[in-house]
Each structure stands twice: as C-alpha cells, then as structure tokens.
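# A closer look at the structure
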Amino acid sequence: MSQAKYSRAAPSPRYRRLLEQYKHMHLHGEEHLGIPPEKTFPGKSLPKQAPSIKRMIKATGAHTILDYGCGKGQQYWPRRTGDPEEGVEYPDIKSYWGVQSIQCYDPGYPPFMQLPTGKFDGVICTDVLEHCPEEDIGWILAELFSYATKFIFANAATFPAHKRLPSGGNAHCTIRPARWWEEQFLRASRLKPGVAYEFRITYLTKDNQLQDKTVASNAVSAPQ
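As the structure is a prediction and not an experimental result, all values here were calculated from the model.

What counts and how
- Residues numbered from 1 in each chain as written.
- Predicted model: local features only at pLDDT ≥ 70, side-chain atom pairs only at ≥ 80, totals over all residues.
- Heavy atoms only, no water.
- Salt bridge = Lys/Arg side-chain N within 4 Å of Asp/Glu carboxyl O.
- Helix = DSSP H or I, 4+ residues; strand = E, 2+ residues; numbered from the N terminus.
- Axes fitted to C-alpha atoms, helices over the stretch in contact; angles between N-to-C directions.
- Parallel < 35°, antiparallel > 145°, perpendicular 65-115°, else oblique.
- Left-handed = near helix turned anticlockwise from the far one by under 90°.
- Contact = heavy atoms within 4.5 Å.
- Buried < 20%, exposed > 50% of the residue type's maximum accessible area, 1.4 Å probe, protein only.
- Phe/Tyr/Trp six-rings, centres within 6.5 Å; stacked < 30°, edge-to-face > 60°.
- Lys NZ or Arg CZ within 6 Å of the ring centre and 35° of its normal.

Following the criterion strictly, the structure yields ten salt bridges and no others. The salt bridge involving Lys23 is made with Glu20; its shortest N-O contact spans 3.4 Å. In this pair, Lys23 and Glu20 both sit in helix α1 (residues 13-28), three residues apart, roughly one turn of the helix. One salt bridge in this structure joins Asp83 and Lys54, with 2.6 Å as the shortest N-O distance.

As structure tokens, then:
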C-alpha cells in the first residue's frame, strides 16, 4: 500500500484505531501486563538517547526542542543527570541540554495532544515510529522534518514489544529491518536538505541484548 495515500489530514484507518487504543492505555494502563497508567508510556526511553541529542544540540546551536511522541513526559521531571565529559550534574534533562524550551506532543495523551504550531530548532522522536502503522510512516516522517529548522534525532525498534494493545496486538506494529527504516528516513530528509539528522535503530543481539546502531546521519560534530 502506498504511504502517499495517507496524510495528517487523512491518516489511515489503522492509525485512527491505534490512536484510540493508545488513549485507552494512557488512561487505564497496560492491562495484559498489569502496568498502571502512570507507568504506561512514561517517556523512559529518552534518557539513554539524551547524550546523543545533546551532541546535536551543541553542534547546531539549538535552543528550542519538540519531543514528538513524548508519552507522559516524565523524562522531563526533575531527575539528576550527570555529564561525565563536563564533570557536571544537572537537575533535569532540560538543564543538561542547555535549551530554552521543550515542547511535548503526544496524540494519545490528552495533556500533550494539541498538534504543535510553528517551528523548532530540534525535533526528537524516540521509541515512537515502530508504534505507528507502516502505511503512515511516510507522512509522519515528513511532519517531523516540517517542524525542524536545525536538526532531527529519531530512532525505531526492530523487534516486537513486551506491551500488548487492548486488542491483543503487539505494541510495535511496524517491525522492519534497518535497511527499510534507512530508506524511509532518507526519503523524508530530502524535503529539508539543510537540516542535520541522525536516525538510529534499536535491535536485539543473538543473546537478547539491546543495541543501538546509526543507520542514517549527516550530523556534524559540536564546535570545540
């Protein structure tokens, strides 16, 4: 099915069904595993990506960030974050990144479901894309680039999730290999050739360990 068939204004029927299921999970939790609402999609996947995002912030001079698919946004609650390179400990991720503002957006969580307006220096999207229908990935990636003026950082998992949807389906509804994700991301990046980007996949090793690998990047190093 062609991704071009769908858009923000007219997403796929599966996107609409999944969105209703995510709204239910944010409200009632992951009932199959007995995970309460406050611990369902809290945003816990972001901290391990925070150092890479900080490098892009420093390299591009970004001051405003959009977290696209932020979950409940608990990743931005006060929590000490150390920077070994600087030898400094910060009270939260916003201070650690040294940015002026972070806007949260998540269509499945009412406090953050308002579609953003305007532009942002950086757009980040962690542990989100694999939860979206394959037929909608094209317009979602294009939307990420439409918001960014300086950089995009995104990742996607290539394996099934532990979480299940209320329907019983796996929460990772688009499970594709690294090459497929690379092609999708590079296609979207052509819409904004002046925007730096780094796209990673997270995969399981043979001994079931999680590993990250960058599959598409034009990111530059931070100035010394």
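So, on to the packing of helix α4 (residues 137-147) against helix α5 (residues 178-189). Working note: a packed helix pair is described by the angle between its axes plus the distance between those axes. In contact at an axis separation of 9 Å, α4 and α5 are set at 50° when each is read in the N-to-C sense. Overall, the two elements α4 and α5 adopt an arrangement that is oblique. The element α4 and its partner α5 pack so that their crossing is right-handed. Residues Ile137, Leu141, Ala142 and Phe145 of α4 form the contact with α5, whose participating residues are Trp180, Trp181, Gln184, Phe185, Ala188 and Ser189.

This part is about the side chain of Glu143. As for its position among the elements, Glu143 is in helix α4. Residue classification places Glu143 among the buried residues on the basis of a relative accessible area of 10%. Once residues within four sequence positions are removed from consideration, Glu143 is found in contact with Arg8, Tyr68 and Leu115.

Per the stated rule, a full pass over the model turns up 13 aromatic pairs. Note on Trp181 and Phe199: the rings are 6.1 Å apart at their centroids and 35° apart in plane angle, and the pair reads as tilted. On the criterion of sequence distance, the pair formed by Trp181 in helix α5 and Phe199 in strand β7 (residues 196-204) is long-range, its members being 18 residues apart. Side by side, Trp181 and Phe199 carry an identical accessibility label, which is buried. Three or more aromatic residues joined by ring pairs make a cluster, and in this case those are Phe145, Trp180, Trp181, Phe185, Tyr197 and Phe199. For the cation-ring pair, Lys54 lies above Tyr96, with the distance from its terminal atom to the ring centre recorded as 4.2 Å.

By themselves, these observations are geometric and do not establish any function.
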